[in-house]
Amino acid sequence: CRCGKKGSRTTVSQEHTNHVGVYYGPEDIRVETRPIPTIREDEALIATSSTALCAGEAMPWYHKDPQGKVLGHEVVGTASRVGEKVTNLHVGDRIFTHHHVARLISHQALRGHYTIDPYYKSVHFNPGAMADYFVIGPPQIHGDTFIIPDSISDDAAVTIEPWSCVVSGLKVCGIQPGDTVVVIGAGFMGLGFAALAPLFGAGRVIVSDFNPWRRRKALEFGVTAAIDPAAQDSAAQIRALNEGLLADVVVAAVPNAAVFSEARRLVEPGGTLHLAAPGHPGAQWAQDAAEAYFDEVTVTSRYSSDHRDVYQYLRWLKAQRINPLPA
(Lines give C-alpha, C1' and ligand atoms only; values in the text may rest on other atoms or scores of the structure.)
Protein backbone atom coordinates (compact mmCIF):
# COMPACT_ATOMS: atom_id res chain seq x y z
CA CYS A 1 0.00 0.00 0.00
CA ARG A 2 1.04 3.62 -0.29
CA CYS A 3 0.31 4.57 3.31
CA GLY A 4 2.94 3.80 5.91
CA LYS A 5 3.34 4.44 9.60
CA LYS A 6 3.61 8.15 10.24
CA GLY A 7 7.07 9.12 11.37
CA SER A 8 8.99 6.49 9.44
CA ARG A 9 11.33 7.50 6.62
CA THR A 10 9.93 5.49 3.74
CA THR A 11 6.98 3.53 2.43
CA VAL A 12 6.47 2.96 -1.26
CA SER A 13 4.20 0.68 -3.24
CA GLN A 14 5.60 -2.73 -4.09
CA GLU A 15 4.96 -1.75 -7.68
CA HIS A 16 8.12 -0.37 -9.21
CA THR A 17 6.41 1.62 -11.93
CA ASN A 18 4.87 5.07 -12.07
CA HIS A 19 1.82 5.68 -14.26
CA VAL A 20 1.89 9.24 -15.60
CA GLY A 21 -0.39 11.37 -17.79
CA VAL A 22 1.70 12.86 -20.58
CA TYR A 23 0.65 15.74 -22.86
CA TYR A 24 1.83 15.56 -26.47
CA GLY A 25 -0.93 17.79 -27.80
CA PRO A 26 -4.61 18.64 -27.18
CA GLU A 27 -5.73 15.45 -28.91
CA ASP A 28 -2.80 13.31 -27.76
CA ILE A 29 -2.65 12.69 -24.02
CA ARG A 30 -1.18 9.32 -23.06
CA VAL A 31 -0.81 7.27 -19.89
CA GLU A 32 2.76 6.05 -19.79
CA THR A 33 4.70 3.82 -17.42
CA ARG A 34 7.94 5.15 -15.98
CA PRO A 35 10.18 4.28 -13.03
CA ILE A 36 9.23 5.69 -9.64
CA PRO A 37 11.44 8.76 -9.15
CA THR A 38 14.30 8.53 -6.69
CA ILE A 39 14.82 11.25 -4.10
CA ARG A 40 17.80 13.07 -2.69
CA GLU A 41 18.32 13.64 1.01
CA ASP A 42 16.50 17.01 0.90
CA GLU A 43 13.52 15.84 -1.20
CA ALA A 44 10.28 13.92 -0.65
CA LEU A 45 8.34 11.39 -2.72
CA ILE A 46 4.60 12.06 -2.72
CA ALA A 47 1.90 9.50 -3.55
CA THR A 48 -0.91 11.27 -5.38
CA SER A 49 -4.31 10.88 -3.73
CA SER A 50 -6.25 13.17 -6.05
CA THR A 51 -5.41 15.73 -8.69
CA ALA A 52 -7.37 17.99 -11.01
CA LEU A 53 -6.63 19.41 -14.46
CA CYS A 54 -6.02 23.14 -14.74
CA ALA A 55 -7.78 24.86 -17.64
CA GLY A 56 -4.43 26.33 -18.62
CA GLU A 57 -3.13 22.83 -19.25
CA ALA A 58 -5.86 22.40 -21.86
CA MET A 59 -4.93 25.53 -23.87
CA PRO A 60 -2.57 24.54 -26.71
CA TRP A 61 -0.88 27.95 -26.95
CA TYR A 62 -0.02 27.89 -23.24
CA HIS A 63 2.42 24.99 -23.72
CA LYS A 64 5.71 26.34 -25.01
CA ASP A 65 7.05 22.82 -25.55
CA PRO A 66 4.23 20.29 -25.17
CA GLN A 67 6.19 17.22 -26.16
CA GLY A 68 6.23 14.86 -23.22
CA LYS A 69 4.95 17.23 -20.54
CA VAL A 70 3.50 15.46 -17.50
CA LEU A 71 0.31 17.25 -16.48
CA GLY A 72 -1.06 18.04 -13.05
CA HIS A 73 -0.44 20.53 -10.25
CA GLU A 74 -3.79 20.82 -8.42
CA VAL A 75 -3.02 18.03 -6.01
CA VAL A 76 -3.37 16.43 -2.61
CA GLY A 77 -1.15 13.50 -1.69
CA THR A 78 0.63 11.55 1.02
CA ALA A 79 4.33 11.55 1.80
CA SER A 80 5.67 8.09 0.91
CA ARG A 81 9.38 8.68 1.34
CA VAL A 82 11.32 11.60 2.81
CA GLY A 83 15.00 12.36 2.66
CA GLU A 84 17.22 12.27 5.71
CA LYS A 85 17.54 16.05 5.83
CA VAL A 86 13.77 16.67 5.70
CA THR A 87 12.53 17.41 9.21
CA ASN A 88 9.18 19.16 8.72
CA LEU A 89 7.52 16.42 6.67
CA HIS A 90 6.99 12.79 7.66
CA VAL A 91 5.87 9.62 5.93
CA GLY A 92 2.08 9.38 6.14
CA ASP A 93 1.53 13.13 6.21
CA ARG A 94 -1.37 14.11 3.95
CA ILE A 95 -0.44 17.33 2.23
CA PHE A 96 -1.09 20.03 -0.30
CA THR A 97 2.03 21.20 -2.06
CA HIS A 98 2.46 23.90 -4.68
CA HIS A 99 4.23 23.17 -7.96
CA HIS A 100 5.61 26.73 -8.29
CA VAL A 101 7.11 28.46 -5.26
CA ALA A 102 8.14 32.08 -4.84
CA ARG A 103 11.35 33.40 -3.40
CA LEU A 104 11.27 36.22 -0.89
CA ILE A 105 14.04 38.44 -2.18
CA SER A 106 13.92 39.83 -5.71
CA HIS A 107 12.73 43.05 -7.31
CA GLN A 108 9.31 41.57 -8.11
CA ALA A 109 8.92 39.73 -4.80
CA LEU A 110 9.80 42.77 -2.69
CA ARG A 111 7.10 44.70 -4.56
CA GLY A 112 4.53 41.99 -3.77
CA HIS A 113 4.54 40.29 -7.19
CA TYR A 114 5.94 36.91 -6.22
CA THR A 115 4.44 34.97 -9.12
CA ILE A 116 5.92 37.05 -11.96
CA ASP A 117 9.46 36.63 -10.66
CA PRO A 118 11.10 34.22 -13.17
CA TYR A 119 12.23 32.05 -10.26
CA TYR A 120 8.58 31.17 -9.49
CA LYS A 121 8.05 29.14 -12.66
CA SER A 122 11.50 27.55 -12.47
CA VAL A 123 10.30 25.43 -9.53
CA HIS A 124 8.16 22.44 -10.48
CA PHE A 125 7.22 18.87 -9.63
CA ASN A 126 9.17 15.87 -10.92
CA PRO A 127 7.51 14.72 -13.11
CA GLY A 128 4.02 16.20 -12.46
CA ALA A 129 1.03 15.45 -10.25
CA MET A 130 -0.86 13.33 -12.78
CA ALA A 131 1.21 10.39 -11.68
CA ASP A 132 1.20 7.72 -9.03
CA TYR A 133 4.23 9.41 -7.47
CA PHE A 134 6.04 12.71 -7.87
CA VAL A 135 8.97 14.41 -6.14
CA ILE A 136 9.08 17.77 -4.37
CA GLY A 137 12.26 19.58 -3.41
CA PRO A 138 13.38 22.08 -0.76
CA PRO A 139 11.52 25.10 -2.25
CA GLN A 140 8.18 23.30 -1.98
CA ILE A 141 8.91 21.51 1.31
CA HIS A 142 9.97 24.68 3.11
CA GLY A 143 8.02 27.29 1.19
CA ASP A 144 4.54 26.09 0.19
CA THR A 145 3.56 22.68 1.63
CA PHE A 146 0.78 22.30 4.19
CA ILE A 147 -0.61 19.38 6.20
CA ILE A 148 -4.28 18.73 5.33
CA PRO A 149 -6.54 17.77 8.25
CA ASP A 150 -8.87 14.79 8.00
CA SER A 151 -11.85 17.18 8.08
CA ILE A 152 -11.01 18.26 4.51
CA SER A 153 -11.74 15.67 1.82
CA ASP A 154 -9.47 15.01 -1.13
CA ASP A 155 -12.06 16.55 -3.47
CA ALA A 156 -12.11 19.73 -1.40
CA ALA A 157 -8.33 19.78 -1.04
CA VAL A 158 -7.71 19.83 -4.79
CA THR A 159 -9.39 23.24 -4.88
CA ILE A 160 -6.55 24.73 -2.82
CA GLU A 161 -4.32 25.56 -5.78
CA PRO A 162 -6.92 26.92 -8.23
CA TRP A 163 -9.02 28.81 -5.72
CA SER A 164 -5.98 30.28 -3.99
CA CYS A 165 -5.49 31.89 -7.42
CA VAL A 166 -9.00 33.28 -6.99
CA VAL A 167 -8.01 34.69 -3.59
CA SER A 168 -5.00 36.32 -5.25
CA GLY A 169 -7.22 37.88 -7.90
CA LEU A 170 -9.89 39.12 -5.51
CA LYS A 171 -7.24 40.93 -3.49
CA VAL A 172 -6.67 43.36 -6.37
CA CYS A 173 -10.32 43.83 -7.38
CA GLY A 174 -10.84 46.69 -4.96
CA ILE A 175 -14.16 45.34 -3.66
CA GLN A 176 -15.75 47.72 -1.16
CA PRO A 177 -18.35 46.56 1.38
CA GLY A 178 -21.66 45.94 -0.37
CA ASP A 179 -20.28 46.19 -3.91
CA THR A 180 -22.04 44.43 -6.75
CA VAL A 181 -19.75 41.94 -8.45
CA VAL A 182 -20.45 40.43 -11.87
CA VAL A 183 -18.55 37.33 -12.98
CA ILE A 184 -18.55 36.53 -16.70
CA GLY A 185 -17.99 32.83 -17.25
CA ALA A 186 -19.17 30.26 -14.71
CA GLY A 187 -16.50 27.66 -15.29
CA PHE A 188 -14.58 26.35 -12.30
CA MET A 189 -12.55 29.53 -11.83
CA GLY A 190 -15.51 31.82 -12.43
CA LEU A 191 -17.49 29.91 -9.81
CA GLY A 192 -14.57 30.40 -7.44
CA PHE A 193 -14.71 34.17 -7.90
CA ALA A 194 -18.47 34.10 -7.35
CA ALA A 195 -18.24 31.90 -4.25
CA LEU A 196 -15.40 33.82 -2.59
CA ALA A 197 -16.38 37.41 -3.48
CA PRO A 198 -18.64 37.75 -0.39
CA LEU A 199 -15.63 37.01 1.83
CA PHE A 200 -14.09 40.19 0.41
CA GLY A 201 -17.20 42.25 1.14
CA ALA A 202 -19.34 41.84 -1.98
CA GLY A 203 -23.07 42.36 -1.70
CA ARG A 204 -24.85 41.23 -4.84
CA VAL A 205 -22.96 38.63 -6.90
CA ILE A 206 -24.25 38.06 -10.43
CA VAL A 207 -22.92 35.38 -12.77
CA SER A 208 -23.27 35.47 -16.56
CA ASP A 209 -22.94 32.34 -18.68
CA PHE A 210 -24.56 30.88 -21.81
CA ASN A 211 -24.63 27.38 -20.33
CA PRO A 212 -27.77 26.60 -18.24
CA TRP A 213 -25.98 23.88 -16.23
CA ARG A 214 -23.31 26.36 -15.20
CA ARG A 215 -25.93 28.95 -14.26
CA ARG A 216 -27.68 26.39 -12.06
CA LYS A 217 -24.36 25.46 -10.47
CA ALA A 218 -23.68 29.14 -9.72
CA LEU A 219 -27.02 29.38 -7.92
CA GLU A 220 -26.00 26.38 -5.81
CA PHE A 221 -23.02 28.43 -4.68
CA GLY A 222 -25.40 31.12 -3.46
CA VAL A 223 -25.05 33.86 -6.05
CA THR A 224 -27.72 36.54 -6.20
CA ALA A 225 -28.61 35.80 -9.81
CA ALA A 226 -27.36 33.93 -12.86
CA ILE A 227 -28.11 35.57 -16.19
CA ASP A 228 -28.07 34.33 -19.76
CA PRO A 229 -26.32 36.87 -22.03
CA ALA A 230 -28.18 35.42 -25.02
CA ALA A 231 -31.59 36.16 -23.52
CA GLN A 232 -31.27 39.93 -23.25
CA ASP A 233 -28.62 42.64 -23.25
CA SER A 234 -26.38 41.94 -20.27
CA ALA A 235 -26.19 45.57 -19.19
CA ALA A 236 -30.00 45.78 -19.08
CA GLN A 237 -30.21 42.58 -17.03
CA ILE A 238 -27.62 43.84 -14.55
CA ARG A 239 -29.34 47.22 -14.17
CA ALA A 240 -32.66 45.46 -13.52
CA LEU A 241 -31.03 43.47 -10.70
CA ASN A 242 -28.89 46.30 -9.32
CA GLU A 243 -31.06 49.37 -8.79
CA GLY A 244 -30.32 50.75 -12.23
CA LEU A 245 -26.55 50.55 -11.86
CA LEU A 246 -23.89 48.52 -13.64
CA ALA A 247 -21.40 46.46 -11.62
CA ASP A 248 -18.82 47.92 -9.28
CA VAL A 249 -16.50 45.02 -10.15
CA VAL A 250 -16.61 42.81 -13.24
CA VAL A 251 -14.51 39.66 -13.38
CA ALA A 252 -13.82 38.36 -16.90
CA ALA A 253 -13.17 34.65 -16.35
CA VAL A 254 -13.08 33.72 -20.04
CA PRO A 255 -9.76 33.69 -21.99
CA ASN A 256 -11.02 35.80 -24.86
CA ALA A 257 -10.31 39.44 -25.74
CA ALA A 258 -13.86 39.93 -27.06
CA VAL A 259 -15.15 39.01 -23.60
CA PHE A 260 -12.83 41.63 -22.10
CA SER A 261 -14.57 44.26 -24.23
CA GLU A 262 -18.01 43.07 -23.17
CA ALA A 263 -16.88 43.02 -19.54
CA ARG A 264 -15.57 46.59 -19.77
CA ARG A 265 -19.00 47.71 -20.96
CA LEU A 266 -20.62 46.36 -17.78
CA VAL A 267 -18.46 48.27 -15.28
CA GLU A 268 -19.91 51.29 -13.50
CA PRO A 269 -17.63 54.37 -13.73
CA GLY A 270 -15.13 54.25 -10.88
CA GLY A 271 -15.26 50.45 -10.76
CA THR A 272 -12.83 47.65 -11.55
CA LEU A 273 -12.46 45.24 -14.45
CA HIS A 274 -10.47 42.18 -13.41
CA LEU A 275 -8.98 39.91 -16.07
CA ALA A 276 -9.14 36.45 -14.49
CA ALA A 277 -7.98 34.56 -17.58
CA PRO A 278 -5.41 35.33 -20.27
CA GLY A 279 -6.30 36.25 -23.83
CA HIS A 280 -4.62 34.53 -26.74
CA PRO A 281 -1.13 35.89 -27.47
CA GLY A 282 -1.29 38.46 -30.23
CA ALA A 283 -5.01 39.16 -29.80
CA GLN A 284 -5.72 42.88 -29.65
CA TRP A 285 -8.04 44.49 -27.12
CA ALA A 286 -8.95 48.11 -27.84
CA GLN A 287 -10.67 50.61 -25.54
CA ASP A 288 -12.24 53.97 -26.24
CA ALA A 289 -9.52 56.46 -25.30
CA ALA A 290 -11.89 59.03 -23.81
CA GLU A 291 -13.79 56.47 -21.75
CA ALA A 292 -10.54 54.96 -20.54
CA TYR A 293 -9.67 58.35 -19.07
CA PHE A 294 -12.97 59.80 -17.86
CA ASP A 295 -14.61 56.64 -16.47
CA GLU A 296 -11.81 55.98 -13.98
CA VAL A 297 -12.18 52.24 -14.42
CA THR A 298 -9.26 50.26 -13.01
CA VAL A 299 -8.10 47.18 -14.96
CA THR A 300 -6.37 44.50 -12.93
CA SER A 301 -4.96 41.00 -13.40
CA ARG A 302 -3.16 38.47 -11.25
CA TYR A 303 -1.19 35.46 -12.43
CA SER A 304 -1.43 32.36 -10.22
CA SER A 305 -1.05 32.42 -6.42
CA ASP A 306 1.76 32.63 -3.91
CA HIS A 307 2.37 31.00 -0.53
CA ARG A 308 0.33 33.65 1.29
CA ASP A 309 -2.75 33.08 -0.87
CA VAL A 310 -2.51 29.32 -0.35
CA TYR A 311 -2.23 29.72 3.42
CA GLN A 312 -5.17 32.11 3.57
CA TYR A 313 -7.44 29.94 1.42
CA LEU A 314 -6.56 26.86 3.46
CA ARG A 315 -7.45 28.68 6.69
CA TRP A 316 -10.86 29.60 5.27
CA LEU A 317 -11.33 25.98 4.20
CA LYS A 318 -10.43 24.72 7.68
CA ALA A 319 -12.79 27.24 9.27
CA GLN A 320 -15.60 26.03 6.95
CA ARG A 321 -16.11 29.52 5.60
CA ILE A 322 -15.76 28.02 2.12
CA ASN A 323 -17.69 25.01 0.81
CA PRO A 324 -16.29 24.08 -2.61
CA LEU A 325 -18.61 21.04 -2.80
CA PRO A 326 -22.19 22.28 -2.38
CA ALA A 327 -24.85 19.55 -2.35
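Residues numbered from 1 in each chain as written. Predicted model: local features only at pLDDT ≥ 70, side-chain atom pairs only at ≥ 80, totals over all residues. Heavy atoms only, no water.

Looking at the confidence of the model for the protein
Using the following cut-off: A residue's pLDDT is simply how confident the predictor is in it, with values from 0 to 100. Here, residues are in contact when the closest pair of their heavy atoms is within 4.5 Å.
Chain-level pLDDT for the protein is 93 on average; 94% of the residues reach the 70-or-more range. Segment residues 1–8: pLDDT under 50, and 20 contacts once partners within four positions in sequence are set aside and those in other chains are kept.

What about the environment of Leu71?
To keep things clear, this is the line we draw: Under the DSSP-based scheme used, a helix requires at least four consecutive residues in state H or I and a strand at least two consecutive residues in state E, with every element numbered from the N terminus. Per-residue accessibility, obtained with a 1.4 Å probe over protein chains only, is compared with the maximum for each type, and a residue is labelled buried under 20%, exposed over 50%, and partly exposed between these values.
Here Leu71 shows up in the loop between β4 (69–70) and β5 (74–82). Taking relative accessible area as the criterion, Leu71 reaches 2% and is therefore assigned buried. With 34 residues separating them along the chain, Leu71 and Pro37 place their C-alpha atoms 16 Å apart.

Some details on the pairing of β5
Which entries qualify depends on this criterion: Two strands qualify as a pair provided that DSSP identifies no fewer than 2 bridges between them.
Counting buried positions along β5 gives eight out of nine residues, so the element sits mostly inside the fold. Relative to β5, strand β3 (residues 44–52) is paired through eight bridges, and the arrangement is antiparallel. Its bridge partner lying in β5, Thr51 is registered against Val75. By the bridge criterion, two bridges tie β5 to strand β6 (residues 94–97) in an arrangement that is antiparallel. Bridge assignment links Gly77 to a residue of β6, and that residue is Ile95.

Notes on helix α8 (residues 234–241)
Just so we agree on the cut-off: What the arc covers is the set of directions going from the helix axis to the C-beta atoms. Polar contacts here mean pairs of N or O atoms no more than 3.5 Å apart (in protein, one a potential hydrogen donor and the other a potential acceptor; neighbouring residues in sequence count only if both atoms are side-chain atoms).
All of the buried residues along α8 are Ser234, Ala235, Gln237 and Ile238. Along the axis of α8, the buried positions cluster into a sector of 160 degrees, meaning they face one direction only. Put simply, Asp233 is the residue that caps the front of α8, since its side-chain oxygen is 3.2 Å from the backbone nitrogen of Ala235. Positive phi appears at Glu243, one or two residues downstream of α8, with a value of about 55 degrees.

Re the layout of surface pockets
Here is the rule: The distinction between a cavity and a pocket rests on a 1 Å grid over the protein atoms alone: a 1.4 Å probe fits inside a cavity but cannot get out, while a pocket stays open yet meets protein on both sides within 12 Å along at least five of seven lines, and a residue with an atom within 4 Å of a point counts as lining. Grid points are joined across faces, edges and corners, and a volume is the space filled by probe spheres set on the points. Under this grouping Gly is polar, as are all residues other than the nonpolar Ala, Val, Leu, Ile, Met, Phe, Trp, Tyr, Cys and Pro and the charged Asp, Glu, Lys and Arg.
Of the voids in this model, the second largest pocket is the one considered here, and its volume is about 190 Å³. Ranked by the residues each element gives to the lining of the second largest pocket, the list is headed by helix α9 (residues 257–265), at three residues. Along the lines of polarity and charge, the residues of the lining of the second largest pocket split into seven nonpolar, three polar and two charged.

Overview of the packing of aromatic side chains
Filter applied, for reference: Any two rings among Phe, Tyr and Trp, with Trp reduced to its six-membered ring, count as a pair given centres within 6.5 Å; such a pair is stacked if its planes are under 30 degrees apart, edge-to-face if over 60, and tilted if neither. A ring is scored as having a charge over it whenever the NZ atom of a lysine or the CZ atom of an arginine sits within 6 Å of its centre and within 35 degrees of its normal.
The final tally for this structure, using the stated rule, is eight aromatic pairs. With a centroid separation of 5.1 Å and an interplanar angle of 25 degrees, the aromatic rings of Trp163 and Phe188 are classed as stacked. Taken together, the positions of Trp163 in helix α5 (residues 160–171) and Phe188 in helix α6 (residues 188–196) put the pair 25 residues apart, joining distant regions of the chain. Residue classification places Trp163 among the buried residues on the basis of a relative accessible area of 0%. Relative accessible area serves as the criterion here: at 44%, Phe188 is assigned to the partly exposed category. Summarising the aromatic geometry, the rings of Trp163 and Phe221 are spaced 6.0 Å apart at their centres and angled 65 degrees between planes, so their arrangement reads as edge-to-face. Residue Trp163 is located in helix α5, and its partner Phe221 is located in the loop between α7 (212–220) and β11 (225–227); the two are separated by 58 residues in the primary sequence. Residue classification places Phe221 among the buried residues on the basis of a relative accessible area of 18%. Ring pairs connect the aromatic residues Trp163, Phe188 and Phe221, which therefore count as one cluster. Positioned above the aromatic ring of Tyr24 is the side chain of Arg30, whose terminal nitrogen or guanidinium carbon lies 3.9 Å from the ring centre.

Overview of a nonpolar patch on the surface
Defined as follows: Only residues whose relative accessible area exceeds 30% and that form no salt bridge are eligible for patches; like-charged ones are grouped when within 9 Å, while nonpolar side chains (Val, Leu, Ile, Met, Phe, Trp, Tyr) are grouped when within 5 Å. With residues, only the protein chains shown are counted as cover, and all accessible areas are computed by Shrake-Rupley using a 1.4 Å probe. Any Lys or Arg side-chain nitrogen located within 4 Å of an Asp or Glu carboxyl oxygen qualifies as a salt bridge.
Taken together, the side chains of Tyr62, Ile116 and Tyr303 make up a nonpolar region of the molecular surface, amounting to roughly 260 Å² of accessible area. Residue placement: Ile116 occurs in the loop between α1 (107–110) and α2 (118–122).

Side note on the side chain of His99
Topologically, His99 is positioned in the loop between β6 and α1. A distance of 3.3 Å separates a polar atom in the side chain of His99 from a polar atom in the side chain of His98. Excluding residues within four positions of it along the chain, His99 makes contact with His73, Val123, His124, Phe125, Gln140 and Glu161.

Describing the pattern of salt bridges
Inspection of the entire model under this criterion finds 16 salt bridges. When the shortest N-O distance is used, the salt bridge between Glu43 and Arg40 registers 3.3 Å. Given the relative accessible area of 11%, Glu43 is considered buried. Relative accessible area serves as the criterion here: at 55%, Arg40 is assigned to the exposed category. Its salt-bridge partner being Asp154, residue Arg94 comes within 2.9 Å of it at the nearest N-O pair. Within this pair, whereas Arg94 is found in strand β6, its partner Asp154 is found in helix α4 (residues 154–157), the two being separated by 60 residues in sequence. Connected through shared salt-bridge partners, Arg40, Asp42 and Glu43 make up one network.

Brief notes about the sheet that holds β3
The test is simple: Between N-to-C directions, angles span 0 to 180 degrees; the directions come from axes that are lines fitted to C-alpha atoms, helices contributing only their stretch in contact.
Read across the sheet, five strands follow the order β7-β3-β5-β6-β8 without closing on themselves; strand pairing throughout is antiparallel. Each end of this open sheet is capped by a strand with a single partner; those strands are β7 (133–136) and β8 (145–147). Taking the axes of each pair of neighbouring strands and ignoring which way they run, one obtains an average angle of 40 degrees across the sheet. The strands touched by helix α11 (residues 307–318) within the sheet are β6 and β8, with β8 carrying the most contacts at an inclination of about 15 degrees.

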